[in-house]
Amino acid sequence: MGRPVIVRECRSAFRDDDTYREERVKEACGVVGIVAAGRSVSHLCYDALYALQHRGQESAGMATFNNQQITVVKDNGLVSHVFAETTLRALAGSHIIGHTRYSTSGSANWTAAQPVYRSAGSSGFAIAHNGNLTNTTALADEAGIQFTSMLSDSDLVAELLAREVDAGISLAKALGVVLARTEGAFSMVILEAGEIHAVRDPYGFRPLCLGRFGPAEQPEGWIVASESPALDVVGATFVREINPGEMVSITERGISSEQLLEPAEGKQKLCIFEFVYFARPDTYLMGHQVHTTRRRMGELLAAQSNAHADLVMGVPDSGVPAAEGFAKASGIPFGYGLVKNRYIGRTFISPDQDKRAATVRRKLNPLRENIEGQRLIVVDDSIVRGTTTREIVKMLRDAGAKEVHLRISSPPFMNPCFYGIDTPTRVDLLAANHTTAEMNAFIGSDTLEFITLANLRSAIQLDGECCDACLTGSYPAPTPVVLGTAGSRW
Ligand code: SF4
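Residues numbered from 1 in each chain as written. Predicted model: local features only at pLDDT ≥ 70, side-chain atom pairs only at ≥ 80, totals over all residues.

As a further point, take the overall build of the chain. Broken down by element type, the chain carries 17 helices and 24 strands. Considering only contacts within the chain whose residues lie at least 6 apart along the sequence, 74% involve residues at least 24 apart. (Helix = DSSP H or I, 4+ residues; strand = E, 2+ residues; numbered from the N terminus. Contact = placed C-beta atoms within 7 Å.)

And the structure:
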């Protein structure tokens, strides 16, 4: 097999300006893998990545295998910015993996875009990763690798895999050896000559599902993706989720599965925030449609923390289903109070503008006639630093709201996440350092209430099968730092 051809290496200074980053928790990535002979897999991968764009907007990439060669195309920017029709046509082949990225470790620069390619043995492989490893320093030290901030945890895994393959074992076996030593969260797709592997960590922190092209009796191809809408959009049929610790390997001849890593003791630990905020509402996770669970959160929140009001509205997008549920359960009319601009790409803020206000106002604008003189119940999914929420409340008051009663469909966010979500350290988490009354005063709402953990678990109906460490401080897998008490950095 020949060496890979990087057909495009555009480097742009994209989003280095921290004013771009909203003060909300961020999803870490979306991954796709497709094997489908006779189809244009690059166009299918494009559509699937497009459906996963919400999981990361910093960079996008694909790697294909064709004519004994792996070709990687990746760049900073949205999927639609990175891939032109001519590029997709050039990415021929029947095996492809794809990635959309939001960085939680490593740099947000072009060099951290994925898939990551490594040559190894007589050929090479490419990796696309969603998650975050928690023992990178120890792994790098053990292997004598200098792990700098310019490297991502995916680079490190690629390097460790390449060493095993160079030592003479197959990539599939190398995955078993290397991933058994890693800790943290990973849903990964790996492309090698004529084969794709999809692996999920033993806790199943990040989602990964399997779909099929064609009839069950005679499949015409296979797809794995972070969320089920990526299957819908390419006309594939959902088959099942990849199990925690499982590796599914796909060739043109079909699929095989092995339990590569022992599942963690006890139950699966899917991230609870996939239900609250990250996943698309039309995604199915462990048999539950996300939109339905968000409505139930709103219903339970209303039963728990109603208020006298004229209108229930949600903060777009993920606050809206919970607001619908709140309105239904409370009998208070549901309405829209904020319009979201969905077309935010690369933007600049004038030096004369207040950065924070400009960031929020560029994204959200009030519907004055719905708001003026009204007592509002405003449902949002979470409060992290609180500064964005404060701007939203101010915006609603400026538009004439008489009262603003905030209702949050997740409990107070008290602890940082180490499993693939970008969260501030504990010092910057509003709830970690303030009472609800203090938070209410800081944000400027009339009242502030959070759903209880019991009600959130009840809405999701998967008690014990979700990680909720950022809410409870009970981390199911090892953390990379020693956690301190409230007020400490961690
Ligand atoms: S700590 Fe929180 S954000 Fe991170 S995986 Fe667990 S539930 Fe999700």
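On we go from here.
With that settled, the discussion passes to the site of the ligand. In the region of the ligand, the neighbouring residues are Phe205, Cys271, Ile272, Phe273, Cys417, Tyr419, Ile421, Cys467, Asp468, Ala469 and Cys470. The class makeup of the residues in the shell around the ligand is 10 nonpolar, no polar and 1 charged. (Near = placed C-beta within 6 Å. Nonpolar A, V, L, I, M, F, W, Y, C, P; charged D, E, K, R; others polar.)

Turning next to the nonpolar core. Of all hydrophobic cores here, the largest spans 147 residues; its most connected members are Ala48 and Leu161. Once residues within four sequence positions are removed from consideration, Leu161 is found in contact with Arg118, Ala120, Phe125, Leu171, Ala174, Leu175 and Val178. (Core = buried A, V, L, I, M, F, W, Y, C linked by C-beta atoms within 7 Å. Buried ≥ 20, exposed ≤ 12 C-beta atoms within 10 Å, placed from the backbone.)

What follows deals with helix H16 (residues 453–460). Taken together, the buried positions of H16 are Asn455, Leu456, Ala459 and Ile460. Taken end-on, H16 shows its buried residues confined to a sector of 135 degrees, consistent with a single buried face. In this structure, the buried residues of H16 make contact with helix H8 (273–278), strand E17 (288–289), helix H9 (290–305) and strand E24 (466–467). Positive phi appears at Gln461, one or two residues downstream of H16, with a value of about 60 degrees. (Arc of directions from axis to C-beta.)

Sheet architecture is open: 4 strands sit in the order E18-E21-E22-E23, paired in parallel fashion. Single-partner strands in this sheet number two, and they are strand E18 (311–314) and strand E23 (447–450). Looking at each pair of strands side by side, their axes are set apart by 20 degrees on average, direction ignored. Of the pairings in the sheet, the one linking E18 to strand E21 (residues 375–380) comprises 4 bridges and is parallel in character. The partner of Leu311 across the bridge, within E21, is Leu376. (Pairing = 2+ DSSP bridges. Axes fitted to C-alpha atoms, helices over the stretch in contact; angles between N-to-C directions.)

Next up on the list: the pairing of strand E4 (residues 69–76). Most of E4 is tucked away, with 7 of its 8 residues classed as buried. Between strand E3 (residues 59–66) and E4, which pair antiparallel in sequence order, lie 2 residues; one of them, Asn67, sits at a positive phi of approximately 50 degrees.

A separate point is the confidence of the model for the chain. Summarising the model, the chain shows a mean pLDDT of 89, and 88% of its residues fall at 70 or more. Counted against residues more than four places away or in other chains, residues 1–23, with its pLDDT under 50, gives 43 contacts. (pLDDT = per-residue confidence, 0-100.)

Before going further, it helps to spend a moment on the sheet that holds strand E14 (residues 254–259). The 6 strands lie next to each other as E6-E7-E8-E9-E13-E14, forming an open sheet whose pairing is antiparallel. The open sheet is flanked by strand E6 (116–120) and E14, the only strands paired with a single partner. Direction aside, neighbouring strands of the sheet carry axes that sit 20 degrees apart on average. By the bridge criterion, 6 bridges tie strand E8 (residues 184–192) to strand E9 (residues 195–200) in an arrangement that is antiparallel. Bridge pairing links Met188 to Val199 in E9. The sheet strands contacting helix H6 (residues 171–181) are strand E7 (123–133), E8, E9 and strand E13 (246–251), and the helix crosses E9 at an angle near 20 degrees.

Of note, the bond from Gln114 into Pro115 is cis; its omega dihedral lies within 30 degrees of zero at 5 degrees. Here Pro115 shows up in the loop between strand E5 (95–101) and E6. Along the chain, Pro316 connects to Asp317 via a cis peptide bond; the corresponding omega equals -5 degrees. Positionally, Asp317 belongs in the loop between E18 and helix H10 (319–330). The phi dihedral of Met286 is positive, around 50 degrees, even though this residue is not glycine. By the secondary structure assignment, Met286 is in the loop between strand E16 (284–285) and E17.

Turning our eyes to something else, we now look at the packing of H9 against H16. Where H9 meets H16, the axes come as close as 8 Å, and the angle between the chain directions of the two elements is 145 degrees. Crossing of H9 over H16 shows right-handed handedness. Contacts between H9 and H16 involve Thr293, Arg296, Met297, Leu300, Leu301 and Gln304 from the former and Asn455, Leu456, Ser458, Ala459 and Ile460 from the latter. The residue inventory of the contact of H9 with H16, partitioned by class, reads 6 nonpolar, 4 polar and 1 charged. (Left-handed = near helix turned anticlockwise from the far one by under 90°.)

With that out of the way, let us pick up the environment of Leu91. Looking at the element boundaries, Leu91 is found in the loop between helix H3 (85–90) and E5. The class of Leu91 is buried, set by 23 C-beta atoms lying within 10 Å. For the pair Leu91 and His43, spaced 48 residues apart in sequence, the C-alpha separation works out to 9.0 Å. Residues in contact with Leu91, not counting those within four places in the same chain, are Ser42, Met62, Thr64, Thr71 and Val73.

With that settled, consider the pairing of E14. One ladder, built from 6 bridges, connects E13 with E14; its direction is antiparallel. Within E14, the residue paired with Val248 across the bridge is Ser257. Following E13, the chain reverses through 2 residues before pairing antiparallel with E14.

Remark: helix H5 (residues 153–166) packs on H6, axes separated minimally by 9 Å, with the N-to-C direction vectors making an angle of 125 degrees. On the basis of the axis angle, H5 is oblique to H6. Of the two elements, H5 crosses H6, and the hand of that crossing is right-handed. Here Val157, Leu160, Leu161, Glu164 and Val165 of H5 come into contact with H6, specifically with Leu171, Ala174, Leu175, Val177 and Val178. (Parallel < 35°, antiparallel > 145°, perpendicular 65-115°, else oblique.)

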